[in-house]
Each structure stands twice: as structure tokens, then as C-alpha cells.
Amino acid sequence: VADSDQVLQMIGYADDGVDYEGEVARIEFQVDGTPGSNDMPGRISFQTTADGAAAATERMRITSGGNVGIGTTSPGALLGVQGDGLFNSNLTSLGVVQALSTFQSTTGNDLILRARGTNRDILLQVAGSTLMTVIGSTGNVGIGTTSPGSLLAVAGIGYFTGNIGSGTNVFNEAAYTNAQTLR
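Scoring rules and cut-offs
- Residues numbered from 1 in each chain as written.
- Predicted model: local features only at pLDDT ≥ 70, side-chain atom pairs only at ≥ 80, totals over all residues.
- Heavy atoms only, no water.
- Helix = DSSP H or I, 4+ residues; strand = E, 2+ residues; numbered from the N terminus.
- Contact = heavy atoms within 4.5 Å.
- Areas by Shrake-Rupley, 256 points an atom, 1.4 Å probe, with all protein chains shown as cover.
- Pairing = 2+ DSSP bridges.
- Axes fitted to C-alpha atoms, helices over the stretch in contact; angles between N-to-C directions.
- Salt bridge = Lys/Arg side-chain N within 4 Å of Asp/Glu carboxyl O.
- Buried < 20%, exposed > 50% of the residue type's maximum accessible area, 1.4 Å probe, protein only.
- Polar contact = N/O pair within 3.5 Å; in protein donor to acceptor, adjacent residues only side chain to side chain.

Student: I'm lost on the overall build of the protein chain in this one. Help?
Tutor: Each helix and strand counted, the protein chain has zero helices and twelve strands in total. The order of helices and strands in the protein chain, counted from the N terminus, is β-β-β-β-β-β-β-β-β-β-β-β. A separation threshold of at least 6 residues defines the contact pool for the protein chain, and within that pool the share at least 24 residues apart is 12%. With an accessible surface of roughly 14000 Å², the protein chain has 52% of that area assigned to carbon and sulfur atoms.

Student: What is the right way to read the pairing of strand β7 (residues 122-126) from this model?
Tutor: Within a regular beta strand, the side chains point alternately toward one face of the sheet and then the other, so they alternate between its two faces. Pairing analysis gives five bridges linking β7 to strand β8 (residues 129-134), with the strands arranged antiparallel. Of the residues in β8, the one forming a bridge with L124 is M132.

Student: What's the story with the environment of T34 in this structure? I'm lost.
Tutor: For T34, the position within the fold is in the loop between β2 (22-31) and β3 (42-48). Residues T34 and D3 lie 31 residues apart in sequence; the distance between their C-alpha atoms is 5.5 Å. If near-sequence neighbours (up to four positions away) are discounted, T34 is found in contact with D39 and P41.

Student: Help me out: how do you make sense of the sheet that holds strand β4 (residues 57-62) in this one?
Tutor: Pairing between the strands of a sheet comes from backbone hydrogen bonds, and it takes one of two forms, parallel or antiparallel. The sheet built from six strands is open, its strands ordered β1-β2-β3-β4-β5-β6 with mixed pairing. Each having just a single partner strand, β1 (6-14) and β6 (79-81) make up the two edges of the open sheet. For this sheet, the mean inter-axis angle between neighbouring strands, taken without regard to orientation, is 20°. Judged from the seven bridges that link them, β2 and β3 form a sheet pairing that is antiparallel.

Student: Looking at this structure, how should I read the pattern of salt bridges?
Tutor: Side chains that differ in sign of charge can pair as their charged atoms come close. In total, this model carries four salt bridges according to the counting rule given. In this structure, R26 engages E23 in a salt bridge whose closest nitrogen and oxygen atoms are separated by 2.6 Å. Taking relative accessible area as the criterion, R26 reaches 17% and is therefore assigned buried. With a relative accessible area of 11%, E23 lands in the buried category. Its salt-bridge partner being E58, residue R61 comes within 2.7 Å of it at the nearest N-O pair. Relative accessible area serves as the criterion here: at 11%, R61 is assigned to the buried category.

Student: It is not clear to me how the side chain of N140 should be interpreted in this structure. Could you clarify?
Tutor: Following the sequence through the fold, N140 ends up in the loop between β8 and β9 (141-143). Among the polar contacts listed, one links the side chain of N140 to the backbone oxygen of P148, at a separation of 3.3 Å. With residues near it in sequence (within four places) discarded, N140 still touches T133, V134, I135, P148, G149, S150 and L151.

Student: Is there a simple way to explain the environment of L151 in this structure?
Tutor: With respect to the helices, strands and loops of the structure, L151 is situated in the loop between β9 and β10 (152-154). C-alpha of L151 to C-alpha of I135: the two residues are 16 residues apart in sequence and 9.6 Å apart in space. Setting aside residues no more than four positions away along its own chain, L151 makes contact with G139, N140 and V141.

No statement about biological role is implied by the geometric values presented.
This is how it looks when you write it as C-alpha cells:
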């Protein structure tokens, strides 16, 4: 046998009103790599037939490396999902959850990022650079700094439109230019 050879196939058929050749689903066991002496890498392909279709299409795969792909035939991690995913409950991670596109709430509810434990920080990073930090033990928020020493710490130049208030002091953008410092 060689890579991609099929060694077992289970197919479910049903009567579609014309004959018993209406394929419902199939599971295929295939060689997943180059076999050798006492070495037979395998994968399992799960396929279903969509409404209006005549043949099954692969929906999920378990590779010889143990990776599970949903909507992809080449998952690059333990779980690879190509396309939209919906969690009706919580998504819990003890490591990193990565999105190549967007995390969003599609139900109109708030999107909550929660760090379990009191000493866990939340970091907003882009291309490995931390843009914003929330310190779990204090609640301090840092923009442009990873160690904010006050409730809000901004490292760099900030721009505000409208008024900025501090106690009884109110500052407005017309009174200060970019070259001036607001203290």
C-alpha cells in the first residue's frame, strides 16, 4: 500500500424514492503517509451528503498525527476548524486561543474576555507587540505599557476629542495643542 490508499470504507445508503443508491454518509480509513516495516500511518475521513447532492463530501478528518480537522483536510494543530464555529456555551482554554479573523458575539451579547484567577492579566497584542494590558490583581489598564502603575496609564501621545475631566478640572481640546502636556 501507499500514501492515500483506502483500506476500509463504510457507506450508508437509503431509498431516495427511486432506488437504494442514495448515499447518506461514509467513513473511510486511508493510509496517511509512507508505510514502512511495522509502520502504517492512517487517517479517518468522515463524509456526509448535503441536501440536494448525490455524493458525500468530507467534513471531518483525523490524521495520523492525531490532529482533527473540521472543514479542512490538513489541520495544522490538534484541532483545526476552517469556516465559522459556534459555541453555545463557554470556550475554555488552558493555553492560547487563536483566531485568524474575528472573535465576536453574534447574539448581541457582550464579548467577555476573562482571565481565571486574580493574578492573571489580559493582553491585547498585534503581531507580538502588546498594545494594551489589564493587570488582573489591580485592574490597572495600560495603553502602550505592560506595567501600568495607575488605573489608566498611557505611554506615548494620546489624542482626545471633546473634554477631559479630572475631579473638578475640565480640559478641552481647544485649549491644548498636540505640543502641550496635560497634567
